[in-house]
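# Fold and geometry: a report
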Amino acid sequence: MTNTKTALTPDAYSLLELTLRKYALLWESEGADVAEVTSDLEAHIIADAEERGKPLNTQEVQALLTQMEIGVIAETIPDPVSVPATSETASKGREGRVRTWFRHWFWVALWPALVVFFELITRACGDQFFSPIPTWLHTGLLLVACAGGWLYFYSTQRREIGSPLVSLMRGICITVSCYWSFLMLPVVLLGTFAYFMGVVFSAGLAILGIPIFMICVLGAGAPLLLAKGVLRAEPDKERWESLRQPKVIFGMLTGLVLVALLEVPPLVTQYGIAHNKPQLIRDFGSEKFLLKLANQQDGWSGEQRDTTEQLVNILSGRVFSTTFFSWFSVNRESQKKHRELYYRVTGQAYNEVGYVPRASKLATVRGLDSNLGGDGVFSVVENLDLSSSRMDGHIDQATGLGYWEWTQTFQNSGLDPKEARMQILLPPGGVVSRLTLWVNGEPQEAAFSSTAKVAEAYKSIAVVRRQDPVLVRWVASDRILVQCFPVPVGGDMKIRVGITAPLDKAQRLYVPRIIEQNFQTLERVQTALWVQGDVPLTMDGISGKGESGKWRELHGKLPTKSMSEGHHYVQSLGKPNHAPVWTHDPFAPQDQQTLIRTIVPSPGGAIDSETIVMVVDGSEGNQAWQDSLLQGVRALEEQGHSVHLVVAGNDEVKSGIEALESCKFIGGQDNLSALVLAAEIAQAEQADYVIWCHGIQPVVIGEVDSLLQFIERGLRQPKFITADLAGGANRLLEELSKELAVSDQIRPSSPALLADALCSLFEPETHTVSWQLLPASAPAPSGQKVWDQLARWHTWSKLQKTNPDPMLCDKMAKYQLVTPVSGAVVLESQEQYQEFDLSQVDPDTVPEIPNTPEPSSLLLILLGATATLMQRRRR
Amino acid sequence: MGGNVFVRYLALQYSLYYDGCIKMMDETFQNWTTQLRKGVLELCILAAIGRQEECYGYELVKELTATPGLEVSEGSIYPLLSRLRKQGVVVTKLVESANGPARKYYKLTAIGKARMEAMKSYHASLNQGVETLYMNSKPQNQTND
């Protein structure tokens, strides 16, 4: 027999429990520890039972209790004399017991868990101070600590404390609760300070301060209460004696390890950020934590400071100042640094991974977007989705031009109107030639004007008045920024972008794609593709085909994910048309309205030997291109060119083929420094070309002025060519494009095609294109009459060859083109257009996907004509 | 006849009165002994524990309850022991036992030893004082020559 339950019969045990419970009040009033006295008496009875060698029954227990003078009723026990009662005197009966229970069990076992759940739901502390449970792992650890506190309390009541599990949980609870108590201490102090300030300055505020005080102190003090509860001594032991037990120490060390596992990576990340050490963050830091920092937004959110930041702020003495200042704004420099470092560590853009949940519940519920009306895409917002996507295309083999119309619908399932923003990668050499917004179900065409004017109109109407516009602006070579606001709450917004683009030398028409977006795409959404032409067409992943006379069409669905990866194109199986073509240009002056294109074969000749400086982006996303880049260099050298290689890789910039061979392609690399070095080499070696093979560049690392200075002032002006390997956001290209004519001449769809694409740049032209402008009244020229896209393309191609000239914005606007000097905006009403001195384009002049006549239609026309003739004859 | 009744009545009343006095004397005496025992109980406990380095609780209680004249029960001793521990007069130690529950041992702290010495000293002086009074007191039927 080793415990009360086995030393006594069940009835005897019940009697004992009942009797001892009656005396609890008296013992407590005498200053004794009720649990201790109870356990001592039980041990005494067990020892007696051991002597008897058998379990005691009810009568025997009753006799023992009587002998111990515990069987008598409480009122006849004389008052103690020699030892005074302690000041902790329980009141009477039930009220005293309830108070004891409440004090110990509720505050130690239940309240901390309730506070954790409260914070999980409301993020009250996260909104105002810092997030004590930034991740689910933190929440789990705190709940484990709460469970440990409850287990310890339960065990002390049951006097079963020696269990290894209880000791382990107690140790974990001690460490975890002490750590969180330390973190919450400034919050408790702030709350107390706020309350007393309210009392001092205003009685009214003092009343308001009470709930704040209560929330702060009781909620923030929950870990303190938990710590106090588990640090209480066990019965029969001194406090430190009970803590010195090996099992408890082991539990404390376990808790320390768990806390370290959670907190060390973010701490390492913070250190890496402060000292600009991306490799340290890659090896030991937390990319998730860095991503969260990179997606911080402005405004009253108080979000994102997590436990490690609080710890650092406390240890550095900045906790109170950072708390106050973080209520108002995010440090822009920090935000830029975090985004730059995220790219350098991972090689990804901070907004590429989708929506990053906000720590602030307020911000999450409101869906606050502090980048509204901004000049970029920025972070992904919640509850804004692309709900449908449709792409219609037409290839005109005669002109070698294609035209896409991309219709998209955005839906908003949040509580606030939202702005949809995206960057679209156009086909090489492409230009936006149409913009439509559906207003109240009716399509409305855009107004084209200077970039500044359309942007001003958009920001004023959309952001300030929250009415229905959409804005398209050119941001870089073959890249446009589309913004539409507001996508209404519970509603949707539909837009259409028209894109004119040439077929490349291999007769391919590239498909435009989204390279950066601030919305998510519903799982079910696929882009419905339809492309038609007067020649056979093929496309990878599209199998639906049809034909009618000379017309061919492809149709199918492109998964959204595959559209955002790699370059897709429609392959025309027709041959390039070198015959003369002409068109009527409705936008040109009367004396230039007939535009004729003539293609004359060139004599060709040998390939000129060029000096080329090739810059390679050694970021992680381009690793698959390493071998093909080496092959490309060798192919260029075999073609007779002198190639100087500059590689941005391994967090440094080096030159030479060895640098490319030894490049590890990790994280995101500083291409700006590589381009500066390339510019220097180009000057020194008198290079004619700088080819930049790049992936995504979501941030500019450093200042671009040094590079622009070389480009503007250099004695030699090499031709700047880019080879877009990954097709993503490129901030560096955006900066360069403002000052320089940059063209994405190479866009290989797979590494195997890179070498050929590079070599094709230097193959001599086999044909020369010449243009002729005649008055509208001139007789129809020889050659095929083609669509007016030719006129648009001609105007755009002339602009492409020169540096951006703001004086040309009127001309570009007249031709309805979005260029470096012009943009497009759709407003809600004519009054708004007039307010900003804008004019909507004539719907009859906008480009469209041509309707392909079908045999049945032609037959109807013939039949109709025949019927008409016959009727006349009868008359 | 009437006289006999009256005498019997008087005898009964006297008998009742006498019984009441005796009973009152008993209760007063009982109270006095109870208070006296309570007064020295703590000293007895400290003295019993202080005889050795540490003392097994069960045996301590057994010894105290068996001490003649002390007439104290386990129900009084254990709460007192708990109070003494909370005051830091004694410390306890639980030793796991292969047979039966863990054994609790008591040991005096420095505070306990000091209190015990103080109590012993006072008790001795009180005893001496009472003895002195007792020796100096004279019986009622004795007169000084």
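As the structure is a computational prediction, the values presented were derived from the model and not from experiment.

### A short note on the overall build of chain A
Assigned secondary structure in chain A consists of 30 helices and 28 strands. Of all 875 residues assigned to chain A, the portion counted as buried reaches 52%. Of the contacts formed within chain A by residues at least 6 apart in sequence, a portion of 76% connects residues at least 24 apart. Of the roughly 39,300 Å² of accessible surface on chain A, 58% is carried by carbon and sulfur atoms.

### Focus on the nonpolar core
Trp404, Phe410, Ile480, Ile495, Val570 and Leu838 of chain A are the most contacted members of the largest nonpolar core, which has 86 residues in total. Residue contributions to this core peak at six residues, all from helix 19 (residues 451–464) of chain A. Not counting residues up to four positions away in its chain, the partners in contact with isoleucine 495 of chain A are Trp406, Thr407, Gln408, Phe410, Met422, Thr436, Leu437, Trp438, Val470, Val482 and Cys484 of chain A. Leu56 and Val61 of chain A together with Leu80 and Val90 of chain B belong to the second largest nonpolar core, which has 43 residues in total.

### Overview of the side chain of serine 619 of chain A
Residue and element names in this part refer to chain A. In this fold, serine 619 is placed in the loop between strand 20 (611–617) and helix 21 (626–638). Taking the relative accessible area as the measure of exposure, serine 619 reaches 3% and is therefore buried. A polar side-chain atom of serine 619 sits 3.1 Å from a polar atom in the side chain of tyrosine 343. Sequence-distant contacts of serine 619, that is, excluding residues within four places in its chain, are made with Tyr343, Ala648, Phe665, Ile666, Gly667, Gly668, Gln669 and Gln697.

### Points about helix 12 (residues 246–274) of chain A
Residues and elements named next belong to chain A. End to end, helix 12 covers 39 Å across 29 residues, agreeing with the expected 42 Å (1.5 Å per residue, within 8%). The largest bend in helix 12 is about 35 degrees, located at glutamate 263, with the proline proline 265 one to four residues further on. All buried positions along helix 12 are accounted for by Val248, Gly251, Gly255, Val259, Leu262, Glu263, Pro266, Val268, Thr269, Gln270, Gly272 and Ile273. Asparagine 276 sits one or two positions beyond helix 12 and adopts a positive phi of about 55 degrees.

### Notes on the sheet that holds strand 7 (residues 470–476) of chain A
Residues and elements named next belong to chain A. The strand order 6-28-7-8-3-11 describes an open sheet built from six strands, whose pairing is antiparallel. Where the open sheet ends on each side, the last strands, each with one partner, are strand 6 (447–450) and strand 11 (513–517). Going across the sheet, the axis of each strand differs from the next one's by a mean of 30 degrees, ignoring polarity. Against the sheet, helix 25 (residues 731–739) touches strand 3 (418–425), strand 7, strand 8 (479–487) and strand 11, its axis set at about 85 degrees to strand 7.

### Re helix 27 (residues 789–800) of chain A
All names here are of chain A. Spanning 12 residues, helix 27 covers 16 Å between terminal C-alpha atoms, matching the ideal 16 Å at 1.5 Å per step. Burial of helix 27 is extensive: 10 of the 12 residues sit out of reach of the surface. All of the buried residues along helix 27 are Gln789, Leu790, Ala791, Arg792, Trp793, His794, Thr795, Trp796, Ser797 and Leu799.

### Considering the pattern of salt bridges
Residue and element names in this part refer to chain A. According to the stated counting rule, one finds 33 salt bridges over all chains in the structure shown. A salt bridge links lysine 292 to aspartate 306, with the shortest nitrogen-to-oxygen separation between them at 3.8 Å. Here lysine 292 is found in helix 14 (residues 287–294), whereas its partner aspartate 306 is found in the loop between helix 14 and helix 15 (307–316), with 14 residues between them in sequence. For the pair formed by lysine 292 and aspartate 306, the shared burial category is buried. One salt bridge in this structure joins arginine 473 and aspartate 375, with 3.1 Å as the shortest N-O distance.

### Some words on the side chain of glutamine 593 of chain A
Residues and elements named next belong to chain A. Mapped onto the elements of the fold, glutamine 593 is located in the loop between strand 18 (581–584) and strand 19 (594–601). Owing to a relative accessible area of 10%, glutamine 593 belongs among the buried residues under this scheme. A distance of 3.0 Å separates the side chain of glutamine 593 from the backbone oxygen of alanine 588, its partner in a polar contact. If sequence neighbours within four positions are ignored, glutamine 593 has contacts with Thr583, His584, Asp585, Pro586, Ala588, Leu774, Pro775 and Ala776.

### Regarding the sheet that holds strand 18 of chain A
Remark on secondary structure: sheet strands pair via backbone hydrogen bonds, oriented parallel or antiparallel. Residue and element names in this part refer to chain A. One open sheet accounts for four strands, arranged 26-19-18-27; its pairing is mixed. Two strands close off the open sheet at either side, each with one partner strand: strand 26 (767–774) and strand 27 (784–785). By the bridge criterion, eight bridges tie strand 19 to strand 26 in an arrangement that is antiparallel. Within strand 26, the residue paired with leucine 595 across the bridge is leucine 773.

### Let's talk about the pairing of strand 18 of chain A
When a strand is regular, its side chains alternate between the sheet's two faces. All names here are of chain A. Relative to strand 19, strand 18 runs antiparallel, the two being bridged by four bridges. Looking at the pairing, histidine 584 lines up with threonine 594 of strand 19. Here strand 18 runs beside strand 27; their pairing, made up of two bridges, is parallel. Its bridge partner being in strand 27, valine 581 is matched across the sheet by glutamine 784.

### Side note on the packing of aromatic side chains
The tally for this structure, following the rule as stated, stands at 10 aromatic pairs over all chains. Between the aromatic rings of phenylalanine 410 of chain A and phenylalanine 519 of chain A, the centroid separation amounts to 4.9 Å while the plane-to-plane angle is 65 degrees, which identifies the pairing as edge-to-face. Of this pair, phenylalanine 410 of chain A sits in strand 2 (residues 401–412) while phenylalanine 519 of chain A is found in the loop between strand 11 and strand 12 (520–521), placing the two residues 109 residues apart along the sequence. With a relative accessible area of 2%, phenylalanine 519 of chain A lands in the buried category. Between the aromatic rings of tyrosine 510 of chain A and tyrosine 569 of chain A, the centroid separation amounts to 5.4 Å while the plane-to-plane angle is 55 degrees, which identifies the pairing as tilted. Pair noted here: tyrosine 510 of chain A is in strand 10 (residues 508–510) and tyrosine 569 of chain A is in strand 17 (residues 569–572), with a separation of 59 residues, a long-range link. You can call tyrosine 510 of chain A buried: its relative accessible area is 5%. Here the aromatic cluster, defined as three or more aromatic residues joined through ring pairs, consists of Tyr56, Tyr58 and Tyr105 of chain B. Stacked on the ring of tryptophan 438 of chain A, the Lys or Arg lysine 494 of chain A has its end atom at 4.4 Å from the ring centre. Here arginine 747 of chain A stacks its cationic end above the ring of tyrosine 510 of chain A, 5.9 Å away from the centre of that ring.

### Re unusual backbone geometry
Residues and elements named next belong to chain A. For the peptide bond that leads from phenylalanine 485 to proline 486, omega is -5 degrees, which places it in the cis range. Checked against the element boundaries, proline 486 lands in strand 8. One non-glycine residue, phenylalanine 378, lies in positive phi territory at about 60 degrees. Mapped onto the fold, phenylalanine 378 is located in the loop between helix 18 (361–366) and strand 1 (384–396).

### Observations concerning the packing of helix 3 (residues 34–52) of chain A against helix 4 (residues 58–67) of chain A
All names here are of chain A. At a minimum axis separation of 12 Å, helix 3 and helix 4 run at an interaxial angle of 125 degrees. Comparing the axis directions of helix 3 and helix 4 gives the class oblique. Handedness of the crossing formed by helix 3 with helix 4: right-handed. The residues of helix 4 that touch helix 3, namely those facing Ile45, Asp48 and Arg52, are Glu60, Leu64 and Leu65. Grouping the constituent residues of the contact of helix 3 with helix 4 by class yields three nonpolar, no polar and three charged.

### Details of the packing of helix 12 of chain A against helix 14 of chain A
Residue and element names in this part refer to chain A. Between helix 12 and helix 14, whose axes approach to 8 Å, the crossing angle comes to 55 degrees. Comparing their axes, helix 14 and helix 12 come out oblique. Handedness of the crossing formed by helix 12 with helix 14: right-handed. Packed against helix 12, whose contacting residues are Pro266, Thr269, Gln270 and Ile273, the element helix 14 presents Phe289, Leu290 and Leu293 at the interface.

### A closer look at a negative patch on the surface
A surface patch of negative charge is lined by Glu703, Asp705, Glu712 and Glu739 of chain A. Mapped onto the secondary structure, glutamate 739 of chain A falls in helix 25.

### Let's talk about a nonpolar patch on the surface
Residue and element names in this part refer to chain A. On the surface, a nonpolar cluster with roughly 330 Å² of combined accessible area is contributed by Leu185, Leu189, Leu224 and Phe320. Residue placement: leucine 185 occurs in helix 8 (residues 164–201). Residue classification places leucine 185 among the partly exposed positions, given a relative accessible area of 38%.

### Quick look at the environment of serine 131 of chain A
Residues and elements named next belong to chain A. With respect to the helices and strands, the residue serine 131 is situated in the loop between helix 6 (124–128) and helix 7 (136–158). Measuring from C-alpha to C-alpha, the distance between serine 131 and threonine 308 comes to 9.8 Å, with 177 residues separating the pair along the chain. The contacts of serine 131, once residues within four sequence positions are left out, are Arg123, Gly126, Arg305, Asp306 and Thr307.

Thresholds, definitions, all that
- Residues numbered from 1 in each chain as written.
- Chains lettered and ligands numbered in written order.
- Predicted model: local features only at pLDDT ≥ 70, side-chain atom pairs only at ≥ 80, totals over all residues.
- Heavy atoms only, no water.
- Helix = DSSP H or I, 4+ residues; strand = E, 2+ residues; numbered from the N terminus.
- Buried < 20%, exposed > 50% of the residue type's maximum accessible area, 1.4 Å probe, protein only.
- Contact = heavy atoms within 4.5 Å.
- Areas by Shrake-Rupley, 256 points an atom, 1.4 Å probe, with all protein chains shown as cover.
- Core = buried A, V, L, I, M, F, W, Y, C linked by side-chain atoms within 4.5 Å.
- Polar contact = N/O pair within 3.5 Å; in protein donor to acceptor, adjacent residues only side chain to side chain.
- Expected span 1.5 Å × (residues − 1).
- Bend = angle between axes of the 7 residues up to and from the residue.
- Pairing = 2+ DSSP bridges.
- Axes fitted to C-alpha atoms, helices over the stretch in contact; angles between N-to-C directions.
- Salt bridge = Lys/Arg side-chain N within 4 Å of Asp/Glu carboxyl O.
- Phe/Tyr/Trp six-rings, centres within 6.5 Å; stacked < 30°, edge-to-face > 60°.
- Lys NZ or Arg CZ within 6 Å of the ring centre and 35° of its normal.
- Parallel < 35°, antiparallel > 145°, perpendicular 65-115°, else oblique.
- Left-handed = near helix turned anticlockwise from the far one by under 90°.
- Nonpolar A, V, L, I, M, F, W, Y, C, P; charged D, E, K, R; others polar.
- Patch = residues over 30% accessible without salt bridge, like charges linked within 9 Å, V, L, I, M, F, W, Y side chains within 5 Å.
- Lys, Arg positive; Asp, Glu negative; His and termini not counted.
- Charge placed at Lys NZ, Arg CZ, Asp CG, Glu CD.

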